[in-house]
Amino acid sequence: MTRAQFEERFFGVLRRVVIAFLAVITVLPFYYMVLLSLKPIDALLLDPGSLWVSAKDFTVTTYRDVLRSADSGGQGFLKFLLNSALVSLGTVVLTLVAAVPGAYAVSRLKFFGHRQVSALFLAVYLFPATLLAVPLFVIFAKMGLSSSLVGLAIVYVAQTVPVSIYMLKNYLVTIPYSIEEAAALDGCSRLQTVRKVILPLALPSLMATGLYVFMIAWNEFLFALLFLAADPDKWTVSLGLAQLSNGIEVPKTVLMAGSVVLTIPVVLLFFAAERLLTEGLTSGADKS
Amino acid sequence: MTTAPAGAPERRDSGPRPADPSASSGRRPMTASRRANRAGLAFVSPTFLVVLVVVVLPIAWTVLLAFQDAKLVDIQGMGLFGNWSLDNFTQVFDSAGFWSSLGTTLLYTAGSTLGSVVLGLAAALALRKPFRGRGLLRAAMLLPYVAPVVAVAFVWEVALSPQYGVVNDWGRRLFGWDDPIAFLSTREYEVHLLGLHFEIPLALLTVIAFECWRYFPFAFLFILARLQAVPDGLEEAALVDGATPTQRFRHILLPQLMPVIALLCVLRFIMTFNKFDDVYLLTGGGAGTDVAAVRVYDFLTARYDVGAAAAQALVLAVSLMILLGCYFKFFGNKVQEES
């Protein structure tokens, strides 16, 4: 066997092994999460290694526990879901409003410093979120925004605007300039051009960016912990789940049910628009 | 046609007159480049304002706070300036475990960055050619990246638990482990291999593994996108010349992928260096995993010592910048080519 033949065969096998390995490490943890959420805690303690739930153990009381409001003995996750949805959607809207004009300007207009601006925005990520957390914590405490969802949304906007500009810009530069010239010839002002021509054309990119921002806001934990920990009515799902795990009397199966509740919305959204998102994230990465 | 712009430079940018008051007021109309300049600045200013208020100003204030004696209780009445001191920094540098924490952070960051990029590269190479179920697997592989960190951290915690975790149960059944291993709370784990004794920082390694698992999809996405843009002809030519798979990878693919890999390494390094949630949720910073970001949080919430927290965060940011500075000095050209 020549070296080439040996390598072909070796890497052929290795490829299958890698694919199987990847499938196991990505799917198994999520399967395990759903599995545990569907069995009572006794069944878990009795046989921790089981990867199946028997028909007699099967239960959905864990979900009832998690979703019911605190008054009726549950954990009140419905309320947390609502809070998370409000904060995330608010963040998406505000971020897009702030990022679209900036991205348009960076991609189209030759203004003073247009080359540096997008790099400047991205420099935001050089500073740790914890560094921002300290002063924002103090400022919001001063302004009385320290345990409000509005304050949280503002912080998320600041965290997501730079990457949104970057993603939108990469898409906007692919729209031919002649389309804008045509609009200008027909008498559109700059603002009209953006609203009636550029935005409809950039819709896929807007959706991808919005989805990514939603994901970041929905999954965020540090700022929620810092700002909202004192006020259980305002907790987001992430924070509610983390606080749930600190409770002594909470069985792990209920914790897993909470994890499923937290994961499902963002995963459903992601699968609905997977292609859109992956292309939006990596556009520009395939150019050498 | 309603308007008929005169010159060629005018035509590039002919917004209607009413939108441009200075042009209609009798003075000489602005040149297209000046108008583009104005419009550009006008368009970018709302974005800039948001970033200024919520990012730049707070950072500037952190720098000030780091040099002041500030506790959370008396910060309400405090002015912006005053009480200058370097106490916070002496406190940070003298405090027990500062240097070891910085070392832990570096180890954690370097390990996670390297691991996630290598795993992402392997995944991209394995999924390069079509096979049945490829689309499904590709989507499934992004799960760790899109799922909320709190949820996946708890899944790991439960799965690795010594009492009811699936990993220890299977480990005992398949590999005959004598005692359950507490992955997330063991600082040093003794390993006997070929008559040698090793001490491995088990909790730290577990956290690094978590980080690799969570972020390899990110690297995978970028590398796969670049991989699919490599022209087929290059590899075919190498194949005709009799290059083996390793040679084709080393001499054809890797040079093409290098820019995106370098970019990914920088990005992941920055993100991981500042990472807080993952370590906090998994170990709470105990058992030898006290990365610097968790220490900042502890200063802030356990002692309400805003000044010390700010100083610690600042030291963290400065060390990151020094590291990045070194990187760009030595390897800067590659990344610059990419951007």
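Residues numbered from 1 in each chain as written. Chains lettered and ligands numbered in written order. Predicted model: local features only at pLDDT ≥ 70, side-chain atom pairs only at ≥ 80, totals over all residues.

1. Some points on the UniProt feature "transmembrane region" (unreviewed entry) in chain A
Residue and element names in this part refer to chain A. Those residues carrying the UniProt feature "transmembrane region" (unreviewed entry) are residues 12–34, 85–107, 119–141, 147–168, 197–218 and 254–273 in this numbering. As annotated, residues 85–107 comprises 100% helix and 0% strand, and the C-alpha atoms at either end are separated by 31 Å. For residues 197–218, the end-to-end C-alpha separation is 31 Å, with 95% helix and 0% strand making up the annotated structure. (UniProt positions renumbered as here; feature names shortened; annotations may be inferred. Helix = DSSP H or I, 4+ residues; strand = E, 2+ residues; numbered from the N terminus.)

2. Description of the domain arrangement of chain A
When the parts of a complex come together, some accessible area is lost, and that lost area is often taken as the interface size. All names here are of chain A. Domains assigned within chain A are domain 1 (3–67) and domain 2 (77–282). Averaged C-alpha coordinates put domain 1 and domain 2 at centres separated by 32 Å. Of the residues lining the interface, 13 residues belong to domain 1; the matching set on domain 2 comes to 12 residues. Those elements giving two or more residues to the side of domain 1 that touches domain 2 turn out to be helix H1 (3–37), helix H2 (41–46) and helix H3 (61–67). Among the elements that take part in the side of domain 1 that touches domain 2, H3 stands out by supplying five residues, more than any other. The class makeup of the residues in the side of domain 1 that touches domain 2 is nine nonpolar, two polar and two charged. (Domains from an automatic or database assignment. Contact = placed C-beta atoms within 7 Å. Nonpolar A, V, L, I, M, F, W, Y, C, P; charged D, E, K, R; others polar.)

3. Some remarks on the environment of B:Leu119
Within the secondary structure layout, B:Leu119 lies in helix H5 (residues 98–126). The spacing of B:Leu119 and B:Phe220 is 101 residues in sequence and 7.8 Å in space, taken between C-alpha atoms.

4. Overview of the UniProt feature "transmembrane region" (unreviewed entry) in chain B
All names here are of chain B. Residues given the UniProt feature "transmembrane region" (unreviewed entry) here are residues 40–64, 106–127, 139–159, 202–224, 252–271 and 306–328. Each end of residues 106–127 is marked by a C-alpha atom, and these two atoms are 31 Å apart; helix forms 95% of the span and strand 0%. Along residues 202–224 the backbone is 100% helical and 0% strand, and the end-to-end C-alpha distance reaches 32 Å.

5. A short note on the interface of chain B and chain A
With 85 residues of chain B at the contact, the number on the chain A side is 87 residues. No other element matches the 19 residues that helix H3 (residues 32–66) of chain B contributes to the side of chain B that touches chain A. Within the side of chain B that touches chain A, the residues separate by chemical class into 64 nonpolar, 17 polar and four charged.

6. Remarks on the packing of helix H4 (residues 77–108) of chain A against helix H10 (residues 203–219) of chain A
All names here are of chain A. Running from amino to carboxyl end, H4 crosses H10 at an angle of 140°, the nearest separation of the two axes being 9 Å. Comparing the axis directions of H4 and H10 gives the class oblique. Between H4 and H10 the crossing geometry is right-handed. Across the interface between the two elements, Ser 84, Val 87, Ser 88, Thr 91, Val 92, Thr 95 and Leu 96 from H4 touch Leu 206, Thr 209, Gly 210, Val 213, Phe 214, Ala 217 and Trp 218 from H10. Among the residues forming the contact of H4 with H10, the class breakdown is eight nonpolar, six polar and no charged. (Axes fitted to C-alpha atoms, helices over the stretch in contact; angles between N-to-C directions. Parallel < 35°, antiparallel > 145°, perpendicular 65-115°, else oblique. Left-handed = near helix turned anticlockwise from the far one by under 90°.)

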